[in-house]
Amino acid sequence: MNNINEIQRFSFDHTNVRGERVLLNDAYQNIISRKEYPEALERLLGEFVAAIALLRDIVKIDGVLSLQCKGEGPLKALMTECDEHKNLRGIAQWDDTQAFPEQVSLKELLANGYLVITIAPRNGRRYQGIVELVGDTLAECLEQYFYQSEQLPSRVWLAANGSQAAGLFLQRLPAEQAQTGDEDAWDRFVHLASTVKDEELLGLATEELLHRLYHEEELRLYDAKPMQFGCSCSRERTLDAIVSMGAEEIRHILSEQGVIQADCQFCAEKYRFHKEDLDDFLGDQAQTH
Ligand SMILES: [Zn+2]
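Residues numbered from 1 in each chain as written. Predicted model: local features only at pLDDT ≥ 70, side-chain atom pairs only at ≥ 80, totals over all residues. Heavy atoms only, no water.

**Student:** How would you summarise the domain arrangement of the protein if you had to cite specific residues and measurements?
**Tutor:** As assigned here, the protein comprises domain 1 (6-229) and domain 2 (235-288). Using C-alpha coordinates to define each centre, domain 1 is positioned 37 Å away from domain 2. In this assembly, 7 residues from domain 1 lie in contact with 4 residues from domain 2. The interface formed by domain 1 and domain 2 holds 0 salt bridges in total. (Domains from an automatic or database assignment. Contact = heavy atoms within 4.5 Å. Salt bridge = Lys/Arg side-chain N within 4 Å of Asp/Glu carboxyl O.)

Spelled out as structure tokens, the structure:
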């Protein structure tokens, strides 16, 4: 139980309902250990990490999926990301001049903010979808997003406590995709999942949790897939970001400091670039101007 980081799919025989359960331990702890986050924000960031893990398994793409928000309230920005190898990373910025509020809606935390899902396939165009800030919680916003983007009734439960982050997802597929004779199945499964307490969602292994909820149902549990903390930063990508500052700015920093430093905010990897690393770029710029 102590260090499970995995996502597991399940379905119910003779119904059109499927589900996912994610449970994260050190993959989540690794993310929140990068900064001195207020406890309430540690929990919120955990909900986002659990959510991106669920989304990653639901949206089938070969690439990177991210969930991010920006706002003018106590929460300034938050970003979580998961790639096709199930590497998770995340980061948040907040207004540290005041106490981070405990019991307010995501909409109030963001104040004039927005929440967006970005799908970035390895080959193909990036796609962004706005997630409306409806309801009080991230889970409610995502339920609305699934309903609008896929026209599929979906329910999401998320929880995090600073040690574990977890999520549970149920979705009713179109009837023709499954043989249904059980009209009440969806309502029954949702009702049972709604009885889950945060301690159970965070504390029980998936098989145990689902057995507790659905031992009277014909549950089919698929293989668990491991997830882990992982950062997609690289020296090459960092160099691209530096080059985008422009030759003038780069020359200015090099003349003042002799080196350009860029530390990855997600994983704390330190990147250093000296003049010789940037000569090619600066040389080209000199010729074209
Ligand atoms: Zn990194």
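**Student:** If you had to explain the pairing of strand β1 (residues 6-12) to someone new, which residues and values would you point to?
**Tutor:** Counting buried positions along β1 gives 6 out of 7 residues, so the element sits mostly inside the fold. Connecting the antiparallel pair β1 and strand β2 (residues 17-24) is a turn made up of 4 residues, with His14 showing a positive phi of about 60°. Strand direction decides the pairing type here: β1 and strand β11 (residues 225-226), joined by 2 bridges, are antiparallel. Residue Ile7 lies in a different strand from β11, and its bridge partner there is Lys225. Across 3 bridges, β1 lies against strand β10 (residues 219-221) in antiparallel orientation. Paired with Phe12 across the two strands is Leu219, which belongs to β10. (Buried < 20%, exposed > 50% of the residue type's maximum accessible area, 1.4 Å probe, protein only. Helix = DSSP H or I, 4+ residues; strand = E, 2+ residues; numbered from the N terminus. Pairing = 2+ DSSP bridges.)

**Student:** How would you summarise the sheet that holds strand β6 (residues 114-121) if you had to cite specific residues and measurements?
**Tutor:** The 6 strands are arranged β7-β6-β3-β4-β5-β12 in an open sheet whose pairing can be described as mixed. Strands with a single pairing partner mark the edges of an open sheet, and in this sheet they are β7 (127-131) and β12 (228-229). Bridge count for strand β3 (residues 63-70) against β6 is 8 bridges, and the pairing is antiparallel. Residue Leu67 lies in a different strand from β6, and its bridge partner there is Ile117. Here helix α4 (residues 138-150) sits on the sheet in contact with β3, β6 and β7, set at roughly 120° to β7. (Axes fitted to C-alpha atoms, helices over the stretch in contact; angles between N-to-C directions.)

**Student:** Account for the pattern of salt bridges, with residues named and values stated.
**Tutor:** Here the structure, examined in full by the defined rule, presents 15 salt bridges. When the shortest N-O distance is used, the salt bridge between Asp277 and Arg235 registers 3.3 Å. Placement of the pair is Asp277 in helix α10 (residues 275-288) and Arg235 in helix α8 (residues 235-243), with a sequence separation of 42 residues. Among the ionic pairs, Asp263 bridges to Lys270, the shortest N-O distance being 3.9 Å. Salt bridges sharing common partners tie together Arg9, Glu20, Asp57, Lys86 and Lys225.

**Student:** Describe the coordination of the zinc ion, and please don't skip the residues or the numbers.
**Tutor:** Every protein donor of the zinc ion is accounted for by Cys231 (SG), Cys233 (SG), Cys264 (SG) and Cys267 (SG), and the metal-donor separations fall at 2.2 to 2.3 Å. Here the zinc ion is ringed by 4 donor atoms whose angles at the metal span 105 to 116°, and the overall shape comes out tetrahedral. Judged by its relative accessible area of 26%, Cys231 is partly exposed. (Donors = N, O, S within 2.8 Å, 3.2 Å for Na, K, Ca; no water. Tetrahedral: all angles 85-135°; square planar, octahedral: opposite > 155°, others 65-115°.)

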